[in-house]
Structure formats: structure tokens, C-alpha cells
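Residue-level structural notes
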Amino acid sequence: MTDALTQLRELQTADLPVHGGRTLAYVYDSGLPDIDRIGREAVAAYAGSNGLDPTAFPSLLRMETEVVGMAADLLDAPETVVGTVTSGGTESVLLAVQTARDAHPGIEQPRMVLPTTAHAAFHKAAHYFGVEPVLVPVGPDHRADPAAMAAAMDERTVLVVASAPSYAHGVVDPVTAIAAAAAERGIRCHVDACIGGWVLPYATRLGRDVPAWTFAVDGVTSISVDLHKYAYAPKGTSVLLHRTPDLRRPQFFASAAWPGYTMLNSTMQSTKSGGPLAGAWAVMRTLGDTGYERLARDVFEAVDRIRGGVGEIPELAVVSTPDSTLIALTTDETCDPFTVCDEMAARGWYVQPQMTFAGSPATIHLSVSAATLPHVPELLAALAEAVAAAVAAGPVTVDPTVATFIGGLDPTSLSEEDFDGLLLAAGLIGANGEQDELALPQRMAEVNAMLDLASAAMREALLVAFLDRLTRPIRR
């Protein structure tokens, strides 16, 4: 009988590497093996504990309040601040929106004002909680426009959002002006610092020019910051901080309307493993302030070296000067960004393609980690080779028949037959359309080019259909 753990290790061989600094999306690698070991051992030690009832597992309560305290200290929070550990940035965002909505039960059709660069998790929250997103175009520097944001606020606005930084371009919005406009109207202002919140304070300490965004800014009422990003904790932890207990209270849910125990939840989850919280606590206590400053120094040095190296590749340019650890690259007309991503993958580097949006071209996205620093010369060499290969191959083109087919699809009524036709055209299934023939292609440039042709609504519909098909059960 094959051992299940052996099978797991075999399955993992097809996955992206989570260590070594070569995966520049999805994972955040400190490059410190002991930190990884400590986090994993803590997760395992608490995997069977349940965060549902803090009186049953007081060690979890102690760890959560200490983790929140560390976040509060880092983010210039007042003594009144309170916070909650969640499962990730999306849950933190969902709770921030739900709490703002429920704080105003008299507003029947609540709205939230978002820059177009705000994370898609806010659109998910809008969908779940019935809060209308009011999208405000950003300026040419990809930062939110405070005047336009203020003009979009009205009597139905329950929340205003700013990013520190925005994911797509890595820049911090002008939080001071946005929060002031929100405060003047009595509206909550949430700062989404999920990806930057644990590195930007150290960037400031290291003398880098970072716009103000923490609780030191008047009018900021809540902040989300992910620990499984640049606090380098195991996956599954984020912190949502509110300036005062009164602001947080609508987040809590209680129900005695059934014959079982009275349900009381601080987050969207009820039962939740104590493992991720224990892993975060252990990593944070081990690294401490000095450790995080050292890791921040490394990651920002890597960012600066990558920016400098990109400047030596004529076909590439940095979209915006990054405030944090995220870099977006654009290509000239001789070089296709989707092909560059494929060529990087062929050289052992994962970089993330970003589609065209609102007139802006497709880009190449890099989330830089501290572990990337020793490998920057290799990264830049691979990038130069990938660009040269993309130039030689020429821009990716979509067959005109396929383009016409995509243009004729209706996202509101996409059928199985429609989707099968597109899968067949993309070479993802055979002519008989059998489910077990659906496979992820080794190169994604042509698929991405097809998706890039589609409208946003059509792209969403196609990807939902693809996810549905990809995740159908394997029967034994």
C-alpha cells in the first residue's frame, strides 16, 4: 500500500515552489528555513484546537490578543484600537464591508466608494452583502484621486476605501486626503494594507518615501493587514483592526434562536483551526522587530536592484515607481507580455500576467520577497532572455475565427456547448470533449491572449466555467 504522505510528496512535484524566491506571486518567502520550520511545527501543534470558543482554548485567545497587539504597535494605533485575526485578506475585507453596512441599518441601499485599483475582494464583498460599489477612476500615477473620491461620497455611502498599496501597481493611495474627506462626512475609511501592511512601516523606518497611511492619519477607521504575506507566517492569517470597540461591534454575530449552544462569532467562521494563528504567533515572536526590519531591508534592496536591472532591458519599463514590494512591468510593441511570462516559467520563474484594463495595457506583475534578493542576478538574466525570446517569437495572435467566436458569446447565457467550443479552439480538450481530457497547458500565452480579447464580464464568465470544469470530482 502506497503511503499517503509519499503520494502527497509526489503530487507536490507539479506545484510551484514555495521556497527559493523564484515564485513571485501567491507565496511570500523569508528565505529563513528555521522560520518556516517553526511556523509549520506550531501549525501542527494546534491543528486540532478550535478557535470557536475562546474560553475552551484560552491559549488561542492569548495568542490572538498578542498578535493584534503587535499589529497595533506597528500601525500607530491608539490605545482604543481593537482587532481580530481572520483567515486572510479577503475575509478581513469582507468583514470591513459587512461591519460598515451593519453600522447603518437605516440605509436601505448602502454604497462604498472605491478607486478602480481597489482589490477585487471588495467587489466580492459588494456581491455578498448588497453594498453597491461606486468605482472612481485613478490618476495617471495609478493612485486614487482624492477629489474624485470625495465627489463620489453621498448620504448612502457607508465606507470609503484606500489601498496601501494597490496590488496591480504597488503604489500607496493618498490616504490623508481621502480619510479627511470621509471623516468630514462622518463616513468610515478602510485602508486595505493586506499586502503592504507589514513591510511599509519598516520601509519608512529605513528612510524610504512612503505616503502616510496608518492610524496616525486622522479619519482612518480600520486597517487590514495579512500576516501570511510579509509577516512571513503560514497561510491563513490576517488582522482586521478597528480604531475603537464601537466601530468593531457590528462585526460580531450572535444567535440564540435555536436549541443548541448560543452561537457567538467574531469572524465569518465558527469552527476554525488554531493552527494558522499559532503559526503566525510563533513566527512573529521569533522574528521580532529586529528580524522584520532585516527582512524588509532585504526585500527593498531586491526591489531596487530589479528596477535598476529592468532599466537595462529596452523592451521593458516599470509602470509606476513602487512604494512597496510589488512591481508591474509593461512591454513595448515588439514584445508580448504573456509570452514573457511563459518564457520566464520555462526558466524556472513564476511571474504573473495582468490583463488590459480601462485602456491600460497588459502587464507583468512581480511580488518580491526577501528570499529573492540573493537570486536577483539570475532573475534579471532570465528576464532578459525571456524578453529576447518573446521578441523573436513576435506578438501572440488569436485566430480571427476564434476572436469572432469570443465576440459573439453572451456572458449571461454561456452554455456548456459554447465553452466546449472555446476549449477545443484553445486546444484544452480533444475533439470528443471528454472531461478527462481537460488539462492545463504548459504555455498560457495564447489562452491569456484570448481572455484579453474578452470583455470583463465575458472573461469572468469564461473563467467561472473553466473553474467549474476543472474542479469536477474524480470518481474511483
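Calculation rules
Counting restarts for each chain, with residues numbered from 1 along the sequence as it is written. At least 70 in pLDDT is required for a residue's local features to be given in this predicted model, at least 80 for side-chain atom pairs to be given and counted, and no such filter applies to totals for whole chains, interfaces and linings, which use all residues. Based on all heavy atoms of the structure, the side-chain values leave hydrogens and waters out of the count. Numbered from the N terminus, helices here are DSSP runs of H or I no shorter than four residues, and strands are runs of E no shorter than two. Our radius of gyration is a C-alpha quantity, and the globule rule it is checked against amounts to 2.2 Å times the number of residues to the power 0.38. With a 1.4 Å probe rolled over the protein chains alone, any residue whose accessible area is under 20% of its type maximum counts as buried; one over 50% counts as exposed, and the rest are partly exposed. We call two residues in contact when some of their heavy atoms are within 4.5 Å. Strands are labelled as partners when DSSP assigns at least two bridges between them. For the handedness criterion, the strands are oriented away from the viewer, and a crossover whose path from the first strand over the helix to the second runs clockwise is classed as right-handed. Here the axes come from fitting lines to C-alpha atoms, over the contacting stretch only for helices, and the angles between their N-to-C directions go from 0 to 180 degrees. Throughout, nonpolar core names a set of buried Ala, Val, Leu, Ile, Met, Phe, Trp, Tyr and Cys residues whose side chains join them through atoms within 4.5 Å. When a carboxyl oxygen of Asp or Glu lies within 4 Å of a side-chain nitrogen of Lys or Arg, that pair is called a salt bridge.

Let us now look at the overall build of the chain. Within the chain, the regular secondary structure consists of 16 helices and 13 strands. Here the chain has a C-alpha radius of gyration of 23 Å; the compact-globule value for 476 residues is 23 Å, and the two agree. A principal-axis box enclosing the C-alpha atoms of the chain has dimensions of 60 × 55 × 55 Å. Counting all 476 residues of the chain, 47% fall into the buried class. Intrachain contacts of the chain at a sequence separation of at least 6 include 72% that bridge at least 24 residues.

Judged by how many residues are buried, strand β4 (residues 157-163) sits mostly within the fold: seven of seven residues are covered. Across three bridges, the pairing between strand β2 (residues 111-115) and β4 is parallel. In the sheet register, Val 113 faces β4, and the bridge partner there is Val 160. Note that β4 and strand β5 (residues 188-192) share five bridges and pair parallel. What sits directly across from Ser 163, in β5, is Asp 192. Between β4 and its parallel partner β5, the chain crosses via helix α7 (residues 175-184), and the hand of that crossover is right-handed.

Below, the discussion takes up the sheet that holds strand β13 (residues 363-367). One open sheet accounts for four strands, arranged β10-β11-β13-β12; its pairing is antiparallel. Two strands lie at the open edges of the sheet, namely β10 (316-318) and β12 (352-354), each paired on one side alone. Neighbour to neighbour, the strand axes of the sheet diverge by 35 degrees on average, direction disregarded. For strand β11 (residues 326-331) and β13, the ladder comprises four bridges, and the chain directions are antiparallel. Bridged to Leu 329 within β13 is Ile 364. Helix α11 (residues 337-346) rests against β11, β12 and β13 of the sheet, and its axis sits at about 170 degrees to β12.

Either a parallel or an antiparallel arrangement is found when strands of a sheet pair, and the pairing is made through backbone hydrogen bonds. Sheet architecture is open: seven strands sit in the order β1-β7-β6-β5-β4-β2-β3, paired in mixed fashion. Sheet topology places β1 (82-86) and β3 (132-136) at the edges, where each strand pairs with a single neighbour. Between one strand axis and the next, the sheet turns through 20 degrees on average, direction left out of account. The pairing of β2 with β3 spans five bridges and is parallel. The residue of β3 that forms the bridge with Val 113 is Val 134. On the sheet, helix α5 (residues 121-129) packs against β2, β3, β4 and β5 and is oriented at approximately 165 degrees with respect to β2.

This brings us to the nonpolar core. Core analysis: the largest hydrophobic core is formed by 95 residues, its most contacted members being Trp 198, Trp 213 and Leu 366. Element by element, the count of residues in this core is highest for helix α10 (residues 275-310), at 16 residues. Counting 16 residues, the second-largest nonpolar core is a separate cluster that includes Val 97, Ala 118, Ala 126 and Val 158.

Before going further, it helps to spend a moment on the environment of Thr 23. Relative to the helices and strands, Thr 23 is located in the loop between α1 (4-12) and α2 (33-45). Judged by relative accessible area, Thr 23 falls into the buried class, the value being 7%. Note: C-alpha distance between Thr 23 and Tyr 350 (327 residues apart in sequence) is 4.8 Å. Residues contacting Thr 23, with those up to four places away along its chain left out, are Leu 16, Pro 17 and Tyr 350.

Under the criterion given, the structure shown has 28 salt bridges. In this structure, the salt-bridge partner of Asp 36 is Arg 40, at a minimum N-O distance of 2.9 Å. With Asp 36 and Arg 40 both in helix α2 and four residues apart, this pair spans about one turn of that helix. Judged by relative accessible area, Arg 40 falls into the partly exposed class, the value being 49%.

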